[in-house]
Amino acid sequence: MIRLPHRVTQLAATVTAFALALMFGVSAVSAQVKPGDFITPGNAVQVKELVSPGVYYKVQHGMTMKIVASQRVDWPPPYQDATEKYSSQVLLSKDHRSLIGYVAGQPFPLIDPNDPQVAEKIIWNNVFRPITSDDYDLRFYDCETSYEQTGAQSRQIENFEIGHYAGYDLVGRTEVEPVPTDPDFKVTGRLWLFALYPILSPQEIRGTGFIRFRYNDPNRGDDVWDWAKNTRRVRRLNEAQMSSATTTNGSSATTWDPDHYAGFNPKTEQYDYKYLGEKNMLAVANAEHSPEIRCTTDGGTSACPEAWESRHMYVVQAVPRPGKINAIDSKTVVYVDGEMWFEPYIDTYDHSNQLFRNHIYWLTTRDRPVPDAKVAIYPFKRSFVVGACSTDLQSGMASMCYLPGRDTPERECWYINMGAVDKSFFTTDAMVKAAH
């Protein structure tokens, strides 16, 4: 990792200002921006108190924003129904780390900032969030790694193409049978299954991928396996690797780590949480582009310009518990949208307490992932992530992902809660078969 001291100093000042704003209850000062405003590095100060320090850094370094009016985001009706049916029976365990009585829907629909366990409840709401509740299959998307620069992208360090990014939930199911719980949960204790395979490019890691299982037992870590191209064997990985910005095979350049592929995603009980406050901040909940467009003013290290609107956000700090997980980040600050219950962005810090990585997720809310969808069409609106970027703020290297890809044989890309994958997809045999 390249260290640039002058950037670190700038980042530290930004972090301190933001922390003071939260501490003293400074409002979002929404009057500083209004629909129709266009934010560039030249007037970035207008959004300094309306975004995270990491997002502010991105604007300072070329990412532009189009400010638009806020729109309401409703939950999928089946998720709403499950929340009304089951949430009253959900409790935190005596140690406040695990859930008791959860079936489906949102565990804690009533958030009280004066609740001593408000941080834990926000995080559990994020775990069982409305964007996906049963299964998902993201097909044929791509990611580009490059360095920040003024103007358009002139060089890519790496280009990734991935066949499947998929998940299957055994608990909290609301739309696809078996509902609300897969019977396999009682046998294996698995909460969810995840798979990313096969990687189609770059060539040196073609065919590789990994699968990951999350367990209900608070003391059992994740099981993770990958298929190694060099040995042509399946191997088991240490779950601590999931916080590292690396591919599971080879040395391909990426800033993404699996613990932040879809927001804050490490095992919940392995972290301690602190509630930092709530405020109106800017985020993308109704993106205008799908596929997203490569930013022409920051070297292609973000999607811009996009439609940023005022959103009500909860801010929670997550710190790895000593002896539970050896994470690469000393802490993560999670910004959770109070309607979508998805984090539009996240900042992480290194072990010197310096701002380290920023992750931004561009979402849209509609009844289909792309305007010309023919299969993935829903009777109600739901949220889709159409772009995601991870930036190493200390080196300026960023990996920008397009969902769907800019050049892909599969235009619809997202298949959410449609039974597109079942448990057989999340096996080492299936991963090995896809590699050949």
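Scroll up to find the structure this text is about.
Quick caveat: nothing in here was measured; it's all calculated off a predicted structure. (Residues numbered from 1 in each chain as written. Predicted model: local features only at pLDDT ≥ 70, side-chain atom pairs only at ≥ 80, totals over all residues. Heavy atoms only, no water.)

Just checking my understanding: could you explain the state of the cysteines for this structure?
Two cysteines form a disulfide when their sulfur atoms are joined by a covalent bond. Following the criterion strictly, the structure yields two disulfides and no others. At a sulfur-sulfur separation of 2.1 Å, the disulfide partner of Cys-143 is Cys-401. Here the disulfide of Cys-143 and Cys-401 is right-handed, its torsion about the S-S bond being about 105°. Taken together, the positions of Cys-143 in strand E5 (residues 135–147) and Cys-401 in strand E18 (residues 397–402) put the pair 258 residues apart, joining distant regions of the chain. Overall, the relative accessible area of 6% leaves Cys-143 in the buried class. Between the sulfur atoms of Cys-295 and its disulfide partner Cys-304 the distance amounts to 1.9 Å. The S-S bond linking Cys-295 to Cys-304 shows a torsion near 50°; that makes this disulfide right-handed. As far as the burial class goes, Cys-295 and Cys-304 line up, both buried. Ordering the disulfide-forming cysteines of the chain by sequence position, one finds them joined as 1-4, 2-3. In this structure Cys-389 is a free cysteine whose sulfur lies 8.0 Å from that of Cys-401, the closest cysteine sulfur available. When its relative accessible area of 1% is taken as the criterion, Cys-389 is described as buried. For the unlinked cysteine Cys-413, the closest cysteine sulfur is that of Cys-143, found at 10 Å. (Disulfide = S-S within 2.5 Å. Helix = DSSP H or I, 4+ residues; strand = E, 2+ residues; numbered from the N terminus. Buried < 20%, exposed > 50% of the residue type's maximum accessible area, 1.4 Å probe, protein only.)

Sorry, what's going on with the environment of Arg-220 here?
As for its position among the elements, Arg-220 is in the loop between strand E9 (209–215) and strand E10 (223–228). According to the relative accessible area criterion, Arg-220 is partly exposed, its value standing at 36%. Each C-alpha atom of the pair Arg-220 and Glu-269 lies 9.7 Å from the other, and the pair is 49 residues apart in sequence. Beyond its immediate stretch of four places on either side in the chain, Arg-220 contacts Tyr-215 and Lys-267. (Contact = heavy atoms within 4.5 Å.)

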